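# Overview (structure and organization)
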Amino acid sequence: MESPKTIPHEIGGLRNDPLRNGLHGVKSDIVGSHPLESSYHSAKERQEDMKKKILANTYGAAFPLKMELDRQIISKFQRPPGAIPSSYLGLEAMTGTLEDFGFQDYLNDPRESESFRPVDMHNGMEVRLGMSKGPACHSFI
């Protein structure tokens, strides 16, 4: 007997499930981010590196490592998937971004979109626990 011939439905290493994740768009793979966005992120990384060097010179080499460990621990605390998203207030207070008011605070909030679909709690927990692959929330319609 011959084995059944199947075509694996994988795109980019993730299993393509159009019923859960929507159709795959190629445009997002081709078009990169805006040049100013990449410049902003590189400047932010340089600023963080400089801050770590200053703290290491002032308080010793272990202090920036302890701060990074604290940041990793605080960033893991979040709400279960559902109607109320995680705010990461502790992480924002620790990193100093609590006082920043960027464009993401008042523009393009996906929850205010007309095509927003709420997160399926069961799918989100499956993704978080490693039982399912793919994004925790559905794509926009």
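This write-up is about the structure you can find in this document. Because the structure is a prediction, the values reported are computed rather than measured.

Take the overall build of the chain next. A tally of regular secondary structure across the chain gives six helices and two strands. Counting from the amino terminus, helix and strand elements in the chain follow one another as β-β-α-α-α-α-α-α. Within the span of the chain, comprising 141 residues, buried residues form 8% of the whole. Long-range contacts, defined as pairs at least 24 residues apart, comprise 42% of the intrachain contacts of the chain with a sequence gap of at least 6.

When we look at a pair of aromatic rings, we describe it by the centre distance and by the angle of the planes. Tallied over the entire structure, the rule returns one aromatic pair. The interplanar angle of 50° and the centroid separation of 5.1 Å between the aromatic rings of Tyr 59 and Phe 63 together place this pair among those described as tilted. Residue Phe 63 is classed as partly exposed on the basis of its relative accessible area, which comes to 31%.

As a further point, take the environment of Ser 87. Position of Ser 87 among the secondary structure elements: in the loop between α4 (62-75) and α5 (89-95). On the basis of relative accessible area, Ser 87 is assigned to the partly exposed category, the value being 45%. Considered as a pair, Ser 87 and Phe 77 are ten residues apart in the sequence and their alpha carbons are 9.8 Å apart. Sequence-distant contacts of Ser 87, that is, excluding residues within four places in its chain, are made with Arg 79 and Glu 92.

Turning next to the pattern of salt bridges. Taken as a whole, this structure holds three salt bridges when the rule is applied. Between Lys 52 and Glu 68 there is a salt bridge; the shortest N-O distance is 3.6 Å. Remark: Glu 68 occurs in helix α4 and Lys 52 occurs in helix α3 (residues 35-59); sequence separation between them is 16 residues. Accessibility expressed as a relative area gives 37% for Lys 52, which makes it partly exposed. Glu 68 serves as the salt-bridge partner of Arg 71, at 2.6 Å between the closest nitrogen and oxygen. With Arg 71 and Glu 68 both in helix α4 and three residues apart, the pair spans about one turn of that helix. Using a relative accessible area of 30% as the deciding quantity, one classes Arg 71 as partly exposed.

The subject of this paragraph is the packing of α3 against α4. For the pair α3 and α4, the least separation of the axes is 7 Å and the interaxial angle reads 130°. Between α3 and α4, the angle falls in the class oblique. The residues of α4 that touch α3, namely those facing Lys 52, Leu 55, Ala 56 and Tyr 59, are Phe 63, Pro 64, Met 67 and Glu 68.

What counts and what doesn't
Residues numbered from 1 in each chain as written. Predicted model: local features only at pLDDT ≥ 70, side-chain atom pairs only at ≥ 80, totals over all residues. Heavy atoms only, no water. Helix = DSSP H or I, 4+ residues; strand = E, 2+ residues; numbered from the N terminus. Buried < 20%, exposed > 50% of the residue type's maximum accessible area, 1.4 Å probe, protein only. Contact = heavy atoms within 4.5 Å. Phe/Tyr/Trp six-rings, centres within 6.5 Å; stacked < 30°, edge-to-face > 60°. Salt bridge = Lys/Arg side-chain N within 4 Å of Asp/Glu carboxyl O. Axes fitted to C-alpha atoms, helices over the stretch in contact; angles between N-to-C directions. Parallel < 35°, antiparallel > 145°, perpendicular 65-115°, else oblique.

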